[in-house]
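What follows is each chain in one-letter form.
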Amino acid sequence: MKRLLLSGLLTVGTASAALRKLTPTTQEESFGKPESVEQCLAILSEVGEEQRGRSRHLDTKAASIAGFAGTALTLNLTLGRPLLQQHFADHPWAHGSIRDAFIGSAVMFGLAALAAIVGVLRPTDTEDLDEEAIDAYADRPKVIMPRPELRETWLQTVAKMALADRKAGNAKAKWATVGVALLGVGIVGLLIQAVTLGIAS
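Since the structure is predicted, the reported quantities are computational estimates derived from the model, not experimental observations.

J.: I would appreciate a short explanation of the side chain of Gln51 in the present structure.
T.: As for its placement among the helices and strands, Gln51 is situated in helix α2 (residues 34–84). Setting aside anything within four residues of it in sequence, one finds Gln51 in contact with Ala162, Asp165 and Arg166.

J.: Can you help me understand a negative patch on the surface in this one?
T.: A cluster of acidic residues, Asp130, Glu131, Glu132, Asp135 and Asp139, forms a negative patch on the protein surface. Following the sequence through the fold, Asp130 ends up in the loop between α3 (92–121) and α4 (131–136). Asp130 sits in the partly exposed class, given a relative accessible area of 39%.

J.: What exactly am I supposed to notice about the packing of α3 against helix α6 (residues 147–200) here?
T.: When two helices pack together, you describe them by how their axes are tilted relative to each other and by the distance separating the axes. Running from amino to carboxyl end, α3 crosses α6 at an angle of 160°, the nearest separation of the two axes being 8 Å. Between α3 and α6, the crossing angle belongs to the class labelled roughly antiparallel. You can see that α3 and α6 cross each other, and the crossing is left-handed. Across the contact of α3 with α6, the residue classes tally to 23 nonpolar, eight polar and one charged.

J.: What's the story with the environment of Thr153 in this structure? I'm lost.
T.: Take Thr153: it is sitting in helix α6. When its relative accessible area of 22% is taken as the criterion, Thr153 is described as partly exposed. For the pair Thr153 and Lys142, spaced eleven residues apart in sequence, the C-alpha separation works out to 9.9 Å. Every residue in contact with Thr153, bar those within four places of it in the chain, is listed here: Tyr137, Lys142 and Met145.

Cut-offs and rules
- Residues numbered from 1 in each chain as written.
- Predicted model: local features only at pLDDT ≥ 70, side-chain atom pairs only at ≥ 80, totals over all residues.
- Heavy atoms only, no water.
- Helix = DSSP H or I, 4+ residues; strand = E, 2+ residues; numbered from the N terminus.
- Contact = heavy atoms within 4.5 Å.
- Patch = residues over 30% accessible without salt bridge, like charges linked within 9 Å, V, L, I, M, F, W, Y side chains within 5 Å.
- Areas by Shrake-Rupley, 256 points an atom, 1.4 Å probe, with all protein chains shown as cover.
- Salt bridge = Lys/Arg side-chain N within 4 Å of Asp/Glu carboxyl O.
- Lys, Arg positive; Asp, Glu negative; His and termini not counted.
- Charge placed at Lys NZ, Arg CZ, Asp CG, Glu CD.
- Buried < 20%, exposed > 50% of the residue type's maximum accessible area, 1.4 Å probe, protein only.
- Axes fitted to C-alpha atoms, helices over the stretch in contact; angles between N-to-C directions.
- Parallel < 35°, antiparallel > 145°, perpendicular 65-115°, else oblique.
- Left-handed = near helix turned anticlockwise from the far one by under 90°.
- Nonpolar A, V, L, I, M, F, W, Y, C, P; charged D, E, K, R; others polar.

Laid out in structure tokens, this is it:
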């Protein structure tokens, strides 16, 4: 009887030791190695900060585009309007050319400012922690969660935020490019007016 009891105790002890050895491996397979998760978090944090910096740079550039477009539009309306009232007897085509360039420039400058303001500077919704998600980190499901699982959950959250920041930055870059292109066309219209006036005068 004693032998059976001793054998049973040894079996239980061996099984417990084996379970303790397997538990860290199982956790690593389920939630990743702690050092790997930490490294991934560090990388994603740098990526997210880079994307937010890129977004701030695009906001600054868009503000410059909008300001320049507004100034150019004002200049076009101020200087170009008197030209529309002039008639060039020796060059009858000049009035039509100046008129078309004046209207085209005004439209392009207005669209450039609109693209910069609406496409880049307007507030955008991004994938971020809302009030409910922030509050959840103080509730029981989170505070009793195993550390490896909690770190993995936070890693996934940081990845979603980094992807959302990059998507928003790409959209801002596209609209900023459109604004620069429209601004360039508007400047060409101003040059056409100046050249036409120089030839016809």
